[in-house]
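Coordinates in review
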Amino acid sequence: MRTNELIEMLSSNIEPTDHRRLKRGLGLAAALGAGAALCVALLLLGVRPDLHHPGVLGFLLLKVAFGAGIVVLAGWLLTKVARPGGETRIRAWVAAAPFFGVMLLAGLSLASAPSSHWDRMLVGHMWLECLVSIPIIGVLPFAVLVWAVRRFAAPTDLVRTGALVGLAAGGISAMGYALHCMDDSVPFVALWYGGTIAFCTLAGALLGPRLLRW
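Residues numbered from 1 in each chain as written. Predicted model: local features only at pLDDT ≥ 70, side-chain atom pairs only at ≥ 80, totals over all residues. Heavy atoms only, no water.

By the naming in an unreviewed UniProt entry, the protein chain goes by DUF1109 domain-containing protein and is assigned to Methylorubrum rhodinum.

1. Examining the state of the cysteines
Taken as a whole and judged by the stated rule, the model has zero disulfides. Here Cys181 stays unpaired: no disulfide links it, and the sulfur of Cys130, its closest cysteine neighbor, is 5.8 Å away. Taking relative accessible area as the criterion, Cys181 reaches 0% and is therefore assigned buried. (Disulfide = S-S within 2.5 Å. Buried < 20%, exposed > 50% of the residue type's maximum accessible area, 1.4 Å probe, protein only.)

2. Details of a positive patch on the surface
Together, Arg20, Arg21, Arg24 and Arg151 line one region of the surface with positive charge. Considering each element in turn, the positive patch owes the most residues, three residues, to helix α2 (residues 19-44). Arg24 gets classed as exposed once you look at its relative accessible area, which sits at 55%. (Patch = residues over 30% accessible without salt bridge, like charges linked within 9 Å, V, L, I, M, F, W, Y side chains within 5 Å. Areas by Shrake-Rupley, 256 points an atom, 1.4 Å probe, with all protein chains shown as cover. Salt bridge = Lys/Arg side-chain N within 4 Å of Asp/Glu carboxyl O. Lys, Arg positive; Asp, Glu negative; His and termini not counted. Charge placed at Lys NZ, Arg CZ, Asp CG, Glu CD. Helix = DSSP H or I, 4+ residues; strand = E, 2+ residues; numbered from the N terminus.)

3. Side note on the nonpolar core
Counting 49 residues, the largest nonpolar core has Phe66, Leu167, Tyr177 and Tyr193 as the members making the most contacts within it. Looking at which element gives the most residues to this core, the answer is helix α8 (residues 158-178), with 10 residues. With near-sequence residues (within four places) excluded, Leu167 lies in contact with Ile70, Ala74, Ala95, Phe99, Ile197 and Thr201. (Core = buried A, V, L, I, M, F, W, Y, C linked by side-chain atoms within 4.5 Å. Contact = heavy atoms within 4.5 Å.)

4. Observations concerning the packing of helix α3 (residues 56-81) against helix α4 (residues 97-111)
Helix packing for two helices is described by the angle between their axes and how far apart those axes are. Contact geometry of α3 with α4 gives a least axis separation of 9 Å together with a crossing angle of 160°. What the angle tells us is that α3 and α4 run roughly antiparallel. Each of Phe66, Gly69, Ile70 and Leu73 in α3 lies in contact with α4, whose residues at this interface are Ala97, Pro98, Phe99 and Val102. Taken together, the residues of the contact of α3 with α4 break down into seven nonpolar, one polar and no charged. (Axes fitted to C-alpha atoms, helices over the stretch in contact; angles between N-to-C directions. Parallel < 35°, antiparallel > 145°, perpendicular 65-115°, else oblique. Nonpolar A, V, L, I, M, F, W, Y, C, P; charged D, E, K, R; others polar.)

Right, here's the structure in full:
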C-alpha cells in the first residue's frame, strides 16, 4: 500500500470532531489569548498618551480593525482546517484579504502625499519596536491557541494549521500593540504590522508539525 493511500485510509477512519465544541474551544482560546496580549502590552509598553488628540482614535481603530479582520478570518479557517481532512475544503487565500485591503489603502496614501514624506510614512519612529514587540506579545496567544487545537481538534495538515494559529496570534498581538504605537500612517501599518504578522504566520507553519502532532 502506498503512503498516500494509507494516510487517506487512516484519515477517513477518524471519528469526526464535535464542531460546536471545537468552535467554543477556539473562541475561548482566542479570548484568553487576547486578554493575555492586552495585559502584556499594557504592562510592558503602556497606552499611548495622546489618545485625546483629534484623529488619533481613528488611526487606532484602523489598526485594531486590521488585526481583528485577520483574527476573524484566521479563526474561521482554523475551525475548518483543524478537523481531519478539513484542509481540502478551505481557500486559504481568503486570509490574505485584510493584507490586500491595507496595502491598497497604503498605496493610495502614498500616491496622495509628496514623495519627500514617503520615508517618514513608511518607516516612522517605532518600526524597530513594532518589529520586536508584536512577535513577543504574540507568544502567549500562540501558546493558548496551540493548546486549544491539541485539546479540541485533530488536524491532519499540521503546517497549514500551524500557519493559521500563527496568523491569528499575530493579529491578536497587533491589536494589543496598537494601543501603544504612535506611528499613525497606513503605509506604516501595511509594512510593519503586516510584515510582523506574516512573520508570526511563517513561525507557526514551521512550528506546527512539531507542536500539533497527535
